[in-house]
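Fold and geometry: a report
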Amino acid sequence: MFKRETKDFINIDPLQTGGKLTEEARQALLEWGDGYSICDFCTTGRLDEIKKPPIHDFIHKQLPEFLGCDVARVTNGAREAKFAVMHALAKKDAWVVLDGNCHYSSYVAAERAGLNIALVPKTDYPDYTITPENFARTIEETRRKGEVVLSLITYPDGNYGNLPDVKKIAIICSEYDVPLLVNGAYAVGRMPVSLKEIGADFIVGSGHKSMAASGPVGVLGMKEEWEDIVLRRSEKYKNKEVELLGCTARGATIITLMASFPHVKERVKRWEKEVEKARKFAAGMEELEIKQLGDKPHNHDLMFFHAEVLYEISKRAKGGRFFLYRELKSRKIHGIKPGLTRYFKLSTYGLSNSEIDYVLNAFREIVEKYS
Ligand SMILES: *Cc1c(COP(=O)(O)O)cnc(C)c1O
């Protein structure tokens, strides 16, 4: 057996805090772990039409309701969902506008789809905001170079946990007649989010990041008007959707997503509590002169910190810049990348109040130990 040493640690790795399995999903993983297990009851050759287990109900009813969209699909990840949309909308010499805080996978998906890429600049230290004004300006400038077939906003971004004014950005995009994709890899499954309320065209989520699924698995929601384009069928295999390569999550990945879904629907209702905890944590870090960057007060569990104090320690500590990782590990805290001290991100999602205190206290001890 491959052992996982960090399994019982307090986890503050933003990638992992929202992807921890529920007990239901853990059991489902064992039950459905065999390859292609989901295909037992597939009669029409379409994943989304399987009635038992109730995938049809999940994809055609529950998921659209949850995402506030007309049409939904399950993909192999957030990136696969973004790529499917980009590839479907791509044209020769066309452009996509991405926010300057976008995830690398948005950029790479656009490259793979053969699109030219324009980036909306973010504001400077310490806010790193994507403003609607800069979004509008970038679309305006890019339009002069060629057709803009899609724009994308990361909500929130995966570095600072900033939540841009997505409704305003959606209005701007519709004024320019450019469809907008909301990348909610860190939103869908953590906080309430609705495509209709935002007023955008597409929404993307990540099951293993924010929906308590083992994955890789993602979700894609869209307005009805895009269905024929993004979900167009194969000429030869009439029931297969081309951009999804026929079938996507075909086994334990979708089953764990579904098994956790009732819990996920409930937990997003407690989002305010998560924001409260994050703010409390940020305030505690600031007491140690570790500065929280980005939106302030913060509105998300993913936070980015600037710690000159830890950086100074790293210059003289034994083990140099790996001291922080080692100190946290010895306290069974996992999630800050080995070697980082000056700038790092973390997430307080799902931590109890006493765990928050424990992590804060660990930072305090570490700072004091080396002062
Ligand atoms: C993690 C992340 C992704 C990638 O999600 P996958 O489901 O693994 O493809 C995309 N965008 C953002 C903003 C992310 O943080």
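Notes on the structure follow. (Residues numbered from 1 in each chain as written. Predicted model: local features only at pLDDT ≥ 70, side-chain atom pairs only at ≥ 80, totals over all residues. Heavy atoms only, no water.)

Here's the deal with the overall build of the chain
For the chain, the count of helices and strands is 15 helices and 12 strands. Taking 21 Å as the expected radius of gyration for a compact globule of 371 residues, we find that the chain reaches 21 Å, a close match to that expectation. Viewed in the frame of its principal axes, the chain has a C-alpha envelope of about 70 × 55 × 35 Å. By residue count, 56% of the 371 residues in the chain fall in the buried class. In the chain, the share of contacts with a sequence separation of at least 24, taken over all contacts with a separation of at least 6, comes to 68%. If you sum the accessible surface of the chain, you get close to 17,500 Å²; carbon and sulfur atoms cover 51% of it. Separation between the mean location of the 55 positive side-chain charges and that of the 52 negative ones in the chain comes to 5 Å. (Helix = DSSP H or I, 4+ residues; strand = E, 2+ residues; numbered from the N terminus. Rg over C-alpha atoms; globule rule 2.2 N^0.38 Å. Buried < 20%, exposed > 50% of the residue type's maximum accessible area, 1.4 Å probe, protein only. Contact = heavy atoms within 4.5 Å. Areas by Shrake-Rupley, 256 points an atom, 1.4 Å probe, with all protein chains shown as cover. Lys, Arg positive; Asp, Glu negative; His and termini not counted. Charge placed at Lys NZ, Arg CZ, Asp CG, Glu CD.)

Some words on empty space enclosed by the protein
Inspection of every chain in the model, using the stated rule, returns one cavity of 30 Å³ or more. Size it by volume and the largest cavity reaches roughly 100 Å³. What lines the largest cavity is a set of 14 residues, and nearest its centre among them are L47, D48, E241, L244 and G246. Split into classes, the residues belonging to the lining of the largest cavity amount to five nonpolar, four polar and five charged. (1 Å grid on protein atoms, 1.4 Å probe; cavity = no way out; pocket = protein on both sides within 12 Å on 5 of 7 lines; lining within 4 Å. Points joined across faces, edges and corners; volume = space filled by probe spheres on them. Nonpolar A, V, L, I, M, F, W, Y, C, P; charged D, E, K, R; others polar.)

Considering the sheet that holds strand β5 (residues 148-154)
The strand order β2-β8-β7-β6-β5-β3-β4 describes an open sheet built from seven strands, whose pairing is mixed. Each edge of the open sheet carries a strand with a single partner, namely β2 (71-75) and β4 (116-120). Taking the axes of each pair of neighbouring strands and ignoring which way they run, one obtains an average angle of 20° across the sheet. Pairing of strand β6 (residues 180-183) with strand β7 (residues 202-206), which is carried by three bridges, proceeds in the parallel orientation. Each bridged residue has a counterpart across the sheet, and for V182 the counterpart in β7 is I203. Relative to the sheet, helix α4 (residues 78-89) contacts β2, β3 (95-99), β5, β6, β7 and β8 (218-222), its axis offset from that of β7 by approximately 155°. Relative to the sheet, helix α5 (residues 104-112) contacts β3, β4, β5 and β6, its axis offset from that of β4 by approximately 155°. (Pairing = 2+ DSSP bridges. Axes fitted to C-alpha atoms, helices over the stretch in contact; angles between N-to-C directions.)

Thoughts on the environment of T348
Along the chain, the position of T348 falls in the loop between β12 (343-347) and α15 (353-369). With near-sequence residues (within four places) excluded, T348 lies in contact with E274, K277, A278, F281, D301, M303 and I356.

Quick look at the side chain of N134
Position of N134 relative to the elements: it lies in helix α6 (residues 132-143). On the basis of relative accessibility, which here comes to 15%, the residue N134 falls in the buried class. Here N134 is in contact with V120 and P121, once residues within four sequence places are set aside.

Here's the deal with a positive patch on the surface
On the surface, a cluster of positive charge is made up of K3, R4, K7, K20 and R26. Its place among the elements puts R4 in the segment before β1 (10-11). (Patch = residues over 30% accessible without salt bridge, like charges linked within 9 Å, V, L, I, M, F, W, Y side chains within 5 Å. Salt bridge = Lys/Arg side-chain N within 4 Å of Asp/Glu carboxyl O.)

Remarks on helix α13 (residues 308-316)
Structural remark: α-helix, 3.6 residues per turn; residues separated by three or four positions point the same way. Among all positions in α13, only L310, I313 and S314 are buried. Projected onto a plane normal to the axis of α13, the buried residues spread over an arc of 105° and lie on a single side. Exposed and facing more than 90 degrees away from the buried side of α13 are K315 and R316. On the buried face of α13, the contacting elements are α14 (323-330), β12 and α15. (Arc of directions from axis to C-beta.)

A short note on the site of the ligand
Of all residues adjacent to the ligand, which total 13 residues, the nearest are A78, R79, N183, S206 and K209. Note that a nitrogen atom of the ligand is positioned 2.9 Å from one of the side-chain N or O atoms of N183. One of the side-chain nitrogen or oxygen atoms of S206 is found 2.8 Å away from an oxygen atom of the ligand. Given that more than half its atoms are within 2 Å of the pocket grid, the ligand belongs to the largest pocket. (Near = heavy atom within 4 Å. Polar contact = N/O pair within 3.5 Å; in protein donor to acceptor, adjacent residues only side chain to side chain. Sits in = over half its atoms within 2 Å of the grid points.)

Observations concerning the layout of surface pockets
Take a probe with the size of a water molecule and roll it over the atoms, and the empty space left behind shows itself. The space that makes up the largest pocket amounts to roughly 680 Å³. Along its surface, the largest pocket is lined by 32 residues, and L15, Q16, G19, H208 and K209 are the ones closest to its centre. Every element with two or more residues in the lining of the largest pocket is listed here: α1 (14-17), α4, α5 and α9 (207-210). For the lining of the largest pocket, the residue count by class is 10 nonpolar, 14 polar and eight charged.

Observations concerning the state of the cysteines
In protein chemistry, a disulfide is the covalent bond that joins the sulfur atoms of two cysteines. For the structure on display, the rule yields zero disulfides. Take C39: it sits in no disulfide, and the sulfur closest to it among the cysteines is that of C42, at 6.1 Å. (Disulfide = S-S within 2.5 Å.)

As for the side chain of T253
By the element assignment, T253 lies in helix α11 (residues 252-267). When residues no more than four places from it in sequence are discounted, the contact partners of T253 are A213, S214, G215, P216 and V217.

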